[in-house]
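One letter stands for each residue in the lines below.
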Amino acid sequence: MANMQQSIAEFEKGRMQLSNISMQKQQLQLQSDSLTSTIEELGKSNEEKVYKFAGSILLLSPKAEVLKEVESKKESVDLRLKTMLKQESIMLDKLNKLKDEIEKSQGIKSTPSNKNEDESEGS
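The structure contained in this document is the topic of the report that follows. (Residues numbered from 1 in each chain as written. Predicted model: local features only at pLDDT ≥ 70, side-chain atom pairs only at ≥ 80, totals over all residues. Heavy atoms only, no water.)

Quick look at the overall build of the protein chain now. Scanning the protein chain from terminus to terminus reveals 3 helices and 2 strands. If you list the helices and strands of the protein chain from N to C, you get α-β-β-α-α. Across the 123 residues that make up the protein chain, the buried fraction comes to 22%. Restricting to contacts in the protein chain with at least 6 residues of sequence separation, those with at least 24 account for 65%. With an accessible surface of roughly 9,600 Å², the protein chain has 53% of that area assigned to carbon and sulfur atoms. (Helix = DSSP H or I, 4+ residues; strand = E, 2+ residues; numbered from the N terminus. Buried < 20%, exposed > 50% of the residue type's maximum accessible area, 1.4 Å probe, protein only. Contact = heavy atoms within 4.5 Å. Areas by Shrake-Rupley, 256 points an atom, 1.4 Å probe, with all protein chains shown as cover.)

As C-alpha cells, then:
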C-alpha cells in the first residue's frame, strides 16, 4: 500500500515536471519562431547597417554581424528546444509506466479495447 502511495506521489510529481517542461518548450518555440522571423527580415533588408538592442540602447551595427549573432542565438535556442523535446518524451514514457503500474496494482485494465475485441470475436 505504501508502495502504491509512493507511485501516486511520483506520478503527480512527474505531471508537474511535464507541465514545466511543456511551458519551457512553448517559450523556446516562440523564441525560435521570433528569431526565424528576424533572420528573414534581415535577409530582405538592403541596408548594410541595422539597429540592434544593446541593453537599453539601440546601436547601429553591420547587418552581417547582427545576422550572425541572431543565427547563433537561434541555433542555441533550437538546441535547447530539442533537449526539451527529449525530456518531454522521456517524462511521458515514465508517466505512462507509472500509470500502468498504478492501474495494475488497483486491478484496473489499462487496455479496455481488449474487452471489445473479445466481444466482437465471439459474434
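For the rest of this paragraph, the subject is helix α2 (residues 63–106). In this model α2 runs 63 Å from its N-terminal to its C-terminal C-alpha over 44 residues, within 8% of the 64 Å that 1.5 Å per residue would give. Of the residues one or two after α2, glycine 107 is the one with positive phi, at around 80°. (Expected span 1.5 Å × (residues − 1).)

Attention shifts here to helix α1 (residues 2–44). Between its terminal C-alpha atoms α1 stretches 63 Å, which fits the 63 Å expected from 43 residues at 1.5 Å a residue. When we look at burial in α1, the residues that qualify are Met4, Ser7, Phe11, Gly14, Leu18, Ile21, Leu28, Ser32, Leu35 and Leu42. In the core, the buried residues of α1 are packed alongside β1 (49–54) and α2.

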